[in-house]
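Chain and residue survey
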Amino acid sequence: MATRFIASVRRLQMRIAKAYREGRYGKAKALQRLLTTSYHAKLLAVKRVVQNKGAKTPGVDGIIWSTPKQKIEAAEMLKRRGYKTKPLKRIYIPKKQKGKFRPLSIPSMWCRGQQSLHLLALEPIAETIADKNSYGFRPLRSTADAIEQCFKILSRRNAAEYILEGDIKACFDSISKSWMQNNVPMDKLMLTKWLEAGYIEEKQWYSTERGTPQGSLVSPCILTVVLSGLEATIKKAASDCKDNVNVCTYADDFIVTCTTKETLENKVKPAIAQFLQERGLTLSEEKTKITHIKDGFDFLGCNIRKYNGKCIIKPAKGNVKRFLADIRETIKKNGASKTEELILKLNLKIRGWANYYQHVCAKQTFSYVDHVTFQALWRWCLKRHSNKGKRWIKTKYFQQTAFRSWIFFAKVKHKSKEPTTVRLASASKTPIKRHVKIRAEAIPYDPTYHEYLDERLRKRLRERRFAPTWPKWYSLWGETLKLKDDKLGHARVAL
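This section reports on the structure supplied with the text. On a predicted model such as this, the values are computed, not experimentally measured, just so you know. (Residues numbered from 1 in each chain as written. Predicted model: local features only at pLDDT ≥ 70, side-chain atom pairs only at ≥ 80, totals over all residues. Heavy atoms only, no water.)

This part covers the overall build of the protein chain. Along the protein chain, the regular secondary structure elements total 18 helices and 14 strands. Over its C-alpha atoms the protein chain spans a radius of gyration of 25 Å, differing by no more than 12% from the 23 Å that the globule rule assigns to 495 residues. A principal-axis box enclosing the C-alpha atoms of the protein chain has dimensions of 75 × 65 × 55 Å. In the protein chain, buried positions account for 49% of the 495 residues. In the protein chain, once contacts between residues fewer than 6 apart in sequence are set aside, the share between residues at least 24 apart is 67%. Accessible area of the protein chain: about 26,800 Å², with a carbon and sulfur share of 51%. Between the mean site of the 98 positive side-chain charges and the mean site of the 45 negative ones, the protein chain shows a separation of 7 Å. (Helix = DSSP H or I, 4+ residues; strand = E, 2+ residues; numbered from the N terminus. Rg over C-alpha atoms; globule rule 2.2 N^0.38 Å. Buried < 20%, exposed > 50% of the residue type's maximum accessible area, 1.4 Å probe, protein only. Contact = heavy atoms within 4.5 Å. Areas by Shrake-Rupley, 256 points an atom, 1.4 Å probe, with all protein chains shown as cover. Lys, Arg positive; Asp, Glu negative; His and termini not counted. Charge placed at Lys NZ, Arg CZ, Asp CG, Glu CD.)

In structure tokens:
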């Protein structure tokens, strides 16, 4: 059943993208309207909302969709006629910089469902017009692709040596409302309602004069549309082939490489400022700077630098410090917890962090992280058993194997099964493997790249050990879906 719904929606999305590529904008608009009234699309929109991480976080009305009956009723009630937006619930989350907070706006479930539905119609066009080397908030693209793009444009001997690190100031909150209403290819009435919904903070309603709310499902896709054309503008400004200009963008962060510092200062930076000004955006002066590759720079949590002419990408020192501070805080807060519970919490953090950096030169950093984690755990053990000897503590909490010693472990007893052993994950055991970057021009709504994307996704699932569970395969992006397998359909939607 799920695959039939996916196939129906994918066919319409493919037709929307094809019509827009051919310049038939009226046809694309009519197909968008057809998609947003499709019952299959409404079911998928509700499915996306209830499977999101924030599905249990209500909006200002306090309503969540938790039961199957509520979900079906929500899909049937997703209609354009009679729809009225509710104001957003404003909360603040801490930034990486201490003392600074980022505003986060939480829509009601009703608004989230409408945004998810119209996102299905907007995404094919956004993918069609997006820059080739833009990797943020786009399907089948990730930070690993952006980091690999940086390596490709900077690792060669004749590569550009100067890098403009760009950051857009308050990106989501500053986008011009009039520009979005005139240029974002979606239902203008629905877009205007979302932009003018306002937000509630401390039981007080505030209007929104500009920008699109952070926390909205459709906002990342709108940002992709807003920044489309940035790469072409930069290359047009530095049209000389000797400048060796390359661009890599991830959301509101981007880098521009060039042979000379003067070209970046006198041509590229003014062109970027003018491009952003038309959309109501400005560059952040404190975060935008020009750096030489020998000095290195931080991008997406990685430090990229050339050592004696060789480009090496490592985890950024600031990110390592924050991660280790989080590990120490987790251990400190669980002073009275069971050992297996502490191991479970640490394993989630260690594996997730190590998997993020498994595509760069991080082996030495992984060993350092394991060492600092061991020291924190040893202090935790000594404080937990202040009246016991160190030999007794080592025997109780640390295990030894043929190839490794001092493994933090715990024995878990089950009522009907034999006791099992849980061990602390080791970051240094994570294999380092170079990431294969997605083709810059490959998008899922162009049939030319279906075979390539299917092969890439098949390889990804095989690496995650999904292949033995689902031996058969079918085309994700094609117009015919032969195999009816709900599990595989859900996996493909999630990926």
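With that settled, consider the sheet that holds strand E13 (residues 407–412). If you walk across this open sheet you meet the three strands as E12-E13-E14, and the pairing is antiparallel. In this open sheet, the two edge strands, each paired with only one partner strand, are strand E12 (398–399) and strand E14 (420–423). Relative to E14, E13 is paired through four bridges, and the arrangement is antiparallel. Across the sheet, the residue bridging to Val-412 is Thr-420, located in E14. The strands touched by helix H14 (residues 339–356) are E13 and E14; relative to E13, the strand with the most contacts, the crossing angle is about 125°. (Pairing = 2+ DSSP bridges. Axes fitted to C-alpha atoms, helices over the stretch in contact; angles between N-to-C directions.)

Bringing the packing of H14 against helix H15 (residues 363–384) into the picture now. Helix-helix packing is characterised by the crossing angle of the two axes and by the distance between the axes. Two numbers describe how H14 lies on H15: the axes approach to 13 Å, and their chain directions differ by 165°. On the basis of the axis angle, H14 is roughly antiparallel to H15. Remark: the crossing between H14 and H15 carries right-handed chirality. Listed contacts from H15 to Thr-339, Leu-342, Leu-346, Ile-350, Trp-353 and Ala-354 of H14 are Thr-365, Phe-366, Val-369, Thr-373, Leu-377 and Trp-380. Broken down by class, the residue content of the contact of H14 with H15 amounts to nine nonpolar, three polar and no charged. (Parallel < 35°, antiparallel > 145°, perpendicular 65-115°, else oblique. Left-handed = near helix turned anticlockwise from the far one by under 90°. Nonpolar A, V, L, I, M, F, W, Y, C, P; charged D, E, K, R; others polar.)

The side chains of a regular strand alternate, first on one face of the sheet and then on the other. For strand E10 (residues 302–307) and strand E11 (residues 310–315), the ladder comprises six bridges, and the chain directions are antiparallel. In the strand pairing of E11, Ile-304 is matched with Ile-313. With antiparallel pairing between neighbouring strands as the criterion, E10 and E11 make up a hairpin whose turn holds two residues, including Asn-308 at a positive phi of roughly 55°.

Taking 1.5 Å of rise per residue, the 12 residues of helix H2 (residues 25–36) would be expected to cover 16 Å, and the 17 Å separating its terminal C-alpha atoms lies within 8% of that figure. All of the buried residues along H2 are Ala-28, Leu-31, Gln-32, Leu-35 and Thr-36. The arc that holds every buried residue of H2, seen down its axis, measures 135°, which confines them to one face. Turned more than 90 degrees away from the buried face of H2 sit Gly-26 and Lys-29, all of them exposed. (Expected span 1.5 Å × (residues − 1). Arc of directions from axis to C-beta.)

Inside soluble globular proteins, nonpolar side chains tend to come together where they are buried. Counting 54 residues, the largest nonpolar core has Phe-299, Ile-304 and Phe-408 as the members making the most contacts within it. Take this core: its biggest share by element is eight residues, from H15. Sequence-distant contacts of Phe-408, that is, excluding residues within four places in its chain, are made with Thr-339, Leu-342, Ile-343, Leu-377, Trp-380, Cys-381, Tyr-397, Phe-398, Val-422, Arg-423 and Leu-424. In this structure, Leu-164, Val-225, Val-226 and Ile-272 belong to the second largest nonpolar core, which totals 40 residues. (Core = buried A, V, L, I, M, F, W, Y, C linked by side-chain atoms within 4.5 Å.)

With that settled, consider the sheet that holds E11. Pairing in this open sheet of three strands is antiparallel, and the strands run E9-E10-E11 from one edge to the other. Each having just a single partner strand, strand E9 (297–299) and E11 make up the two edges of the open sheet. Across the sheet, the mean angle separating the axes of adjacent strands is 30° when strand polarity is ignored. Relative to E10, E9 is paired through three bridges, and the arrangement is antiparallel.

Mapped onto the secondary structure, Lys-314 falls in strand E11. Residues Lys-314 and Tyr-368 lie 54 residues apart in sequence; the distance between their C-alpha atoms is 13 Å. Apart from residues no more than four positions distant in its own chain, Lys-314 is found in contact with Cys-302, Asn-303, Tyr-307 and Cys-361. A polar contact is formed between the side chain of Lys-314 and the side chain of Tyr-307, at a distance of 3.4 Å. (Polar contact = N/O pair within 3.5 Å; in protein donor to acceptor, adjacent residues only side chain to side chain.)

It is worth spelling out the packing of aromatic side chains at this point. Per the stated rule, a full pass over the model turns up 17 aromatic pairs. Ring geometry for Tyr-199 and Tyr-206: centres 5.4 Å apart, planes at 20°, overall stacked. The class of Tyr-206 is partly exposed, set by a relative accessible area of 36%. Note on Phe-323 and Trp-353: the rings are 4.5 Å apart at their centroids and 10° apart in plane angle, and the pair reads as stacked. (Phe/Tyr/Trp six-rings, centres within 6.5 Å; stacked < 30°, edge-to-face > 60°.)

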